[in-house]
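# Analysis of the macromolecular model
For reference, the chains in residue letters:
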Amino acid sequence: MGIGLLPLLGGCRGPLSVLDPAGPSADAIAQVWWWMFGVAAAVWLLMIVLGALAMRAGRDRSGGKGEWPGVEEGEHRSGREARRAEDGARQRRIARRCLVGGGLLLPGAAITALLLFGSPAGFHQLPWPGAAAAPLRVEVTGHQWWWEVHYPDTGQRLRNELRLPAGRAVDVHTRSADVIHGFWVPRLGGKLDAVPGRTLVVRLQADAPGTYRGVCAEFCGHGHAHMTMVVQAMPADDFDVWLKTAPALAADRTPAVATAPAPEARP
Ligand code: CUA
């Protein structure tokens, strides 16, 4: 069945696919996803095999006529009790092994592995000094229901559009002007909540120039589904030229520029 589903993974591409990473931050997340998928699939297969073996063993055992296979009709009563006690001890031994193995060792190993693989992926999303050469700083503020993008170095402002240089780390400082929003460009990096009164930072990077998409990943009201963003990764030189020469727009916080139509206008 698993192999039959493989062609469907072709559907995992697209502008909002985590499984189609376009930079190191997103790549780290995709790798964790694939490891989790692989291990979960292996555990699933193992459980199916164990279940089938257990059913077969149970059938073989109950195949005999008596309750205690091998016990002769005329066997001494004390012998039968001894067998029963031995069987009980075996059951307790198995239960103890299941508890220690399945309840302590297995989850312990799984959580340790997840920590070892997951933590480096998390570090990729953090604005660690020294981890990237001169990351670009961009401030993104969530509004109901649009994104305000600000480049503090030059004063540039964009609405529902994020421009960034390809091949360079970009530290996105997220904020919110009203409720909690979720800043997310799935092909370039991790998801981060934009929380009122706080500034949280996520590091994105696009390996190649291109157009990507961002969304709001936290329900924030009736315009939530339309709170999207176009992300343009430009060749680094073009980006520098744009950043220096494009006229800086004045900060405009009026929600009138929101792209989301009124809910009653939609079917
Ligand atoms: Cu903003 Cu959902």
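Above this text is the structure in question.
Residues numbered from 1 in each chain as written. Predicted model: local features only at pLDDT ≥ 70, side-chain atom pairs only at ≥ 80, totals over all residues. Heavy atoms only, no water.

## Considerations on the packing of aromatic side chains
Tallied over the entire structure, the rule returns eight aromatic pairs. Between W35 and F117, the ring centres sit 4.7 Å apart and the planes meet at 25°, which makes this aromatic pair stacked. Here F117 lies in helix α3 (residues 77-124) and W35 lies in helix α2 (residues 24-62), a separation of 82 residues in the sequence. Looking at W35, the relative accessible area reads 47%, which means it is partly exposed. Of the residues examined, F117 reaches a relative accessible area of 41% and is grouped as partly exposed. An angle of 45° between the planes, with centres 5.7 Å apart, marks the rings of F239 and W242 as tilted. Residue F239 and its partner W242 are located together in helix α4 (residues 236-245), separated by three residues, close to a single helical turn. Of the two residues, F239 and W242, both sit in the buried class. Among the aromatic side chains, those forming a connected cluster through ring pairs are W33, W34 and F37. (Phe/Tyr/Trp six-rings, centres within 6.5 Å; stacked < 30°, edge-to-face > 60°. Helix = DSSP H or I, 4+ residues; strand = E, 2+ residues; numbered from the N terminus. Buried < 20%, exposed > 50% of the residue type's maximum accessible area, 1.4 Å probe, protein only.)

## Here we look at the nonpolar core
Y151, L162, F183 and L188 are the most contacted members of the largest nonpolar core, which totals 33 residues. Secondary-structure elements contributing two or more residues to this core are β1 (136-143), β2 (146-151), β4 (161-165), β5 (170-176), β8 (200-204), β9 (210-216), β10 (228-234) and α4. Considering each element in turn, this core owes the most residues, four residues, to β10. The contact partners of F183, leaving out residues within four places of it in the chain, are V140, W147, L162, V172, T174, G190, K191, L192, V202, L204, V215 and M229. (Core = buried A, V, L, I, M, F, W, Y, C linked by side-chain atoms within 4.5 Å. Contact = heavy atoms within 4.5 Å.)

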